[in-house]
Amino acid sequence: MQAEQEERFQEFVRARWSRLVRTAYLLTGDAHHAEDLTQTALAKVYRSWRRVSRSDNPDAYVRRVLVNCNSDRFRKRRVTEALTAAPPEVAARDAISWADERSALLGALAGLPPQQRAVIVLRYWEDMSGAEVAEALGCSPGTVKSQASKGLAKLRTYPGLAQVMDGSDRAHTGKEGTPSRQGGTR
């Protein structure tokens, strides 16, 4: 029975590794921290995999552990991190503009408090509903709404992100910088 549980856990990790690392990257702003955070979260989930695998939504459980591990990172270590403003040079022209937009978004996300960043990432990047985000973070839907509102307001004032929003992303937004239903967010 132990070998069967081990195999099921390995299948789960193989199927979801890249998505979990991507979510962790958006939470941390650093690729190395994202991989460490994902490994830490999966190690915690592994200890109780038998119970987690029987739950209705193991993905939601793992996301919750991921967010909690990220919050723990700030509680344990009060060291400020300096993220770089620009990514490494890239050859292609389209890749450069994409990298600039990505850099602006990561810089803006890095400026948000951890709770607001988690809400923004889960709500708009992971495309979760407000209720799903509330469940994942262990808070009320009202808290999710207020944190999303405050986070989006801060993102709108970020200079590098405002330039991106004034350019190519306007087609995916309703008002300036506000995601619309047509843009794919709920």
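Residues numbered from 1 in each chain as written. Predicted model: local features only at pLDDT ≥ 70, side-chain atom pairs only at ≥ 80, totals over all residues. Heavy atoms only, no water.

Asks: What is the right way to read the confidence of the model for the chain from this model?
Replies: Interpretation of the predicted coordinates at a detailed level should be avoided for regions scoring low in pLDDT. Confidence in the prediction for the chain averages 78 pLDDT; 72% of positions are at 70 or higher. Helix α9 (residues 159-166) is the least confidently modelled element of the chain, averaging 62 in pLDDT, while helix α2 (residues 31-47) averages 92, the highest of any element. (pLDDT = per-residue confidence, 0-100. Helix = DSSP H or I, 4+ residues; strand = E, 2+ residues; numbered from the N terminus.)

Asks: Please explain the packing of aromatic side chains as it appears in this structure.
Replies: Where two aromatic rings form a pair, the distance of their centres and the angle of their planes describe that pair. Taken as a whole and assessed by the stated rule, the structure comprises three aromatic pairs. Measuring from ring centre to ring centre gives 5.1 Å for F9 and W49, while their planes differ by 70 degrees; the resulting arrangement is edge-to-face. One end of the pair, F9, is in helix α1 (residues 2-28); the other, W49, is in helix α3 (residues 49-54), with 40 residues separating them in the sequence. Across this residue pair, the class does not change: F9 and W49 are buried. (Phe/Tyr/Trp six-rings, centres within 6.5 Å; stacked < 30°, edge-to-face > 60°. Buried < 20%, exposed > 50% of the residue type's maximum accessible area, 1.4 Å probe, protein only.)

Asks: Looking at this structure, I do not really get the packing of helix α6 (residues 114-125) against helix α7 (residues 130-137). What am I missing?
Replies: Packed helices, taken two at a time, are described by the angle their axes make and the gap between the axes. Viewed as axis vectors pointing N to C, α6 and α7 meet at an angle of 135 degrees, and their least axial separation amounts to 10 Å. Relative to α7, the element α6 is oriented oblique. When the axes of α6 and α7 are compared, the crossing they make is right-handed. Between α6, through Q115, A118, V119, L122 and R123, and α7, the contact on the second element is made entirely by G130, V133, A136 and L137. Split into classes, the residues belonging to the contact of α6 with α7 amount to six nonpolar, two polar and one charged. (Axes fitted to C-alpha atoms, helices over the stretch in contact; angles between N-to-C directions. Parallel < 35°, antiparallel > 145°, perpendicular 65-115°, else oblique. Left-handed = near helix turned anticlockwise from the far one by under 90°. Contact = heavy atoms within 4.5 Å. Nonpolar A, V, L, I, M, F, W, Y, C, P; charged D, E, K, R; others polar.)

Asks: Explanation requested: α2 in the structure shown.
Replies: Along an α-helix, residues three or four positions apart point the same way, because every turn accommodates 3.6 residues. Between its terminal C-alpha atoms α2 stretches 25 Å, which fits the 24 Å expected from 17 residues at 1.5 Å a residue. What α2 keeps buried is the set H33, A34, L37, T38, A41, L42 and V45. Down the axis of α2, the buried set is contained in an arc of 165 degrees. They therefore lie on one face. In α2, those exposed residues whose orientation departs by more than 90 degrees from the buried face are H32 and R47. The N-cap of α2, judged by a side-chain oxygen 3.0 Å from the amide nitrogen of H32 a few residues on, is D30. (Expected span 1.5 Å × (residues − 1). Arc of directions from axis to C-beta. Polar contact = N/O pair within 3.5 Å; in protein donor to acceptor, adjacent residues only side chain to side chain.)

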